[in-house]
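Chain by chain, the residues:
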Amino acid sequence: MKKDWLGNLYRAGRVLLTAVLMILLTACQGASDDQDNIFYIYYIDKEGTGLVSEKYEIETEEKNTVDIIQLLLAKLQTNGSEGRYQNPVQPDVEIRDFLIKETQLSMYFTAAYNNKTGINEILARAAVVKTLCQVPAVDSVEFYVEDQPLTLAGNTVGLMDVNTFVDELNPEFKEQKKLVTLYFAENRGHKLMQVSLEVTYSAAQPLAQLLLEKLIEGPEQIEHLKDMDYYGLTRTVPTGTVVNSVTIRDNICYVDLGSEFMNQIPEVKSDVTIYSIVNTLCELSNVSKVQFTVEGEQWTKYGETENFNTPYARNLDLVTGGTSIWVNP
């Protein structure tokens, strides 16, 4: 009788233990499911200097990967739940499509993406990648612009994951120094002279754009050079010229300038203006030719120079007999 009682107690204990384990397992599974619904949407802070995130819970039971990506992209096109932040995917940058292959997500943007530069471009790209890499099926993201891989400063960006931006978002990464060569006109405007100097610039800024901006500023804005009467140099690019975009692809630098560029400097020959830009940009290791457009349009002629709608290679024939000016920092 005592033996039957102990057996019944043992069996009851097993039933109770099994029930408890099932309850705990169900609770853990429910917690896991809830966790799978939670994502963090990354935005650019209102100062435009870093990233912030907001918790976002997807309220759908069926979590299809494509649906999740679409929901996250929709959030990335907002300014946050209270409208306090900058949206990483702005209205003028349209997402044409996206494609998932194994664990790689390819994002396709319209050409307007090329207008994003500097730290804003890095932050926007980081926000998109860090948000989308939370999707269980996505390990890495690649950007395309009009079916071409995204290139910055002439280099293909390629696949990105959450670790890609550790250095780029580090303040120490934002500035570096480099020796560059600019080509300004000699005082008569018929020849070019080389000016070599060291520049400090943001690593987030394409170097090609920085060189163009230095040409637009003119020799009078270069420290040390302006204290020496510019060595008889004169500017080559019309004052007020705007750099709309700079893109390097397949060793060709595509430069789109504002309409101000057509207001030629009277004393500077058109060839000198063109090759001051071409020779300067061709000093970069990843540029062999330069293709011009003005306000997005090709022109067949610039001043007296024909074939302005074709890519230009370096021309050292216009450079005065080996003269080079070194500007000490």
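For the structure itself, look to the data block above.
Residues numbered from 1 in each chain as written. Predicted model: local features only at pLDDT ≥ 70, side-chain atom pairs only at ≥ 80, totals over all residues. Heavy atoms only, no water.

So, about the sheet that holds strand β6 (residues 148-149). What the four strands build is an open sheet, ordered β3-β4-β5-β6; its pairing is mixed. Looking at the sheet topology across the chains shown, the edges are occupied by β3 (95-101) and β6. Relative to strand β5 (residues 140-145), strand β4 (residues 104-109) runs parallel, the two being bridged by six bridges. Counterpart to Gln104 in the pairing with β5 is Ser140. Of the strands in this sheet, β4 and β5 touch helix α3 (residues 118-132), which is tilted by about 140° from β5. (Pairing = 2+ DSSP bridges. Helix = DSSP H or I, 4+ residues; strand = E, 2+ residues; numbered from the N terminus. Contact = heavy atoms within 4.5 Å. Axes fitted to C-alpha atoms, helices over the stretch in contact; angles between N-to-C directions.)

Bringing the sheet that holds strand β13 (residues 252-257) into the picture now. If you trace the four strands from one edge of the open sheet to the other, you get β12-β13-β14-β17, paired in mixed fashion. Each end of this open sheet is capped by a strand with a single partner; those strands are β12 (243-249) and β17 (312-313). The strands touched by helix α4 (residues 207-217) within the sheet are β12 and β13, with β12 carrying the most contacts at an inclination of about 140°.

Further remarks concern the pattern of salt bridges. Tallying each qualifying case throughout the model produces eight salt bridges. Residue Arg84 pairs with Glu82 through a salt bridge whose shortest N-O separation is 3.5 Å. A relative accessible area of 44% places Arg84 in the partly exposed class. A relative accessible area of 58% means that Glu82 is categorised as exposed. Across the salt bridge formed by Arg188 and Glu186, the nearest N and O atoms sit 3.5 Å from each other. With a relative accessible area of 7%, Glu186 lands in the buried category. By sharing partners, the salt bridges in this structure join Arg96, Glu146 and Asp147 into a single network. (Salt bridge = Lys/Arg side-chain N within 4 Å of Asp/Glu carboxyl O. Buried < 20%, exposed > 50% of the residue type's maximum accessible area, 1.4 Å probe, protein only.)

The next subject is α3. In a regular helix each residue adds 1.5 Å, so 15 residues correspond to 21 Å; α3 covers 22 Å between its end C-alpha atoms and thus fits that length. Within α3, twelve of the 15 residues are buried, which leaves it mostly tucked inside the rest of the structure. Where α3 is concerned, the buried positions are Gly118, Glu121, Ile122, Leu123, Ala124, Arg125, Ala126, Ala127, Val128, Val129, Thr131 and Leu132. (Expected span 1.5 Å × (residues − 1).)

Okay, the packing of α4 against helix α5 (residues 270-281) next. Direction vectors running N to C along α4 and α5 enclose 145°, while the axes themselves pass 10 Å from each other. Crossing angle aside, the handedness with which α4 passes α5 is right-handed. Residues Ala208, Leu211, Leu212 and Leu215 of α4 lie in contact with α5, whose contacting residues are Ser276, Ile277, Thr280 and Leu281. The residue inventory of the contact of α4 with α5, partitioned by class, reads six nonpolar, two polar and no charged. (Left-handed = near helix turned anticlockwise from the far one by under 90°. Nonpolar A, V, L, I, M, F, W, Y, C, P; charged D, E, K, R; others polar.)

Right, let's talk about α4 for a bit. At 3.6 residues per turn, the α-helix brings residues three or four places apart onto the same side. For α4, a buried count of eight out of eleven residues is recorded, marking the element as mostly surrounded by other parts of the structure. By the burial criterion, the buried members of α4 are Leu207, Ala208, Gln209, Leu210, Leu211, Leu212, Leu215 and Ile216. Two residues or fewer past α4, Gly218 is found with a positive phi of approximately 90°.

If you look at the biggest cluster of nonpolar residues, it comprises 47 residues, and the most contacted ones within it are Cys253, Ile277, Leu281, Val290 and Phe292. Among the secondary structure elements, those contributing two or more residues to this core are β9 (175-186), β10 (192-202), α4, β12, β13, α5 and β14 (289-294). Ranked by residues supplied to this core, first place goes to α4 with seven residues. Not counting residues up to four positions away in its chain, the partners in contact with Cys253 are Ala208, Val246, Thr247, Ile248, Leu281, Val287, Lys289, Val290 and Gln291. The next biggest cluster of nonpolar side chains, apart from the first, holds 33 residues, and it includes Tyr85, Met107, Phe109 and Val145. (Core = buried A, V, L, I, M, F, W, Y, C linked by side-chain atoms within 4.5 Å.)

Turning our eyes to something else, we now look at the side chain of Thr280. By the secondary structure assignment, Thr280 is in helix α5. What makes Thr280 buried here is its relative accessible area of 1%. A polar contact is formed between the side chain of Thr280 and the backbone nitrogen of Tyr183, at a distance of 3.1 Å. A polar side-chain atom of Thr280 sits 2.6 Å from the main-chain carbonyl oxygen of Ser276. If we ignore the near neighbours within four places in the chain, the residues touching Thr280 are Thr181, Leu182, Tyr183, Leu211, Leu215 and Tyr275. (Polar contact = N/O pair within 3.5 Å; in protein donor to acceptor, adjacent residues only side chain to side chain.)

By themselves, these observations are geometric and do not establish any function.
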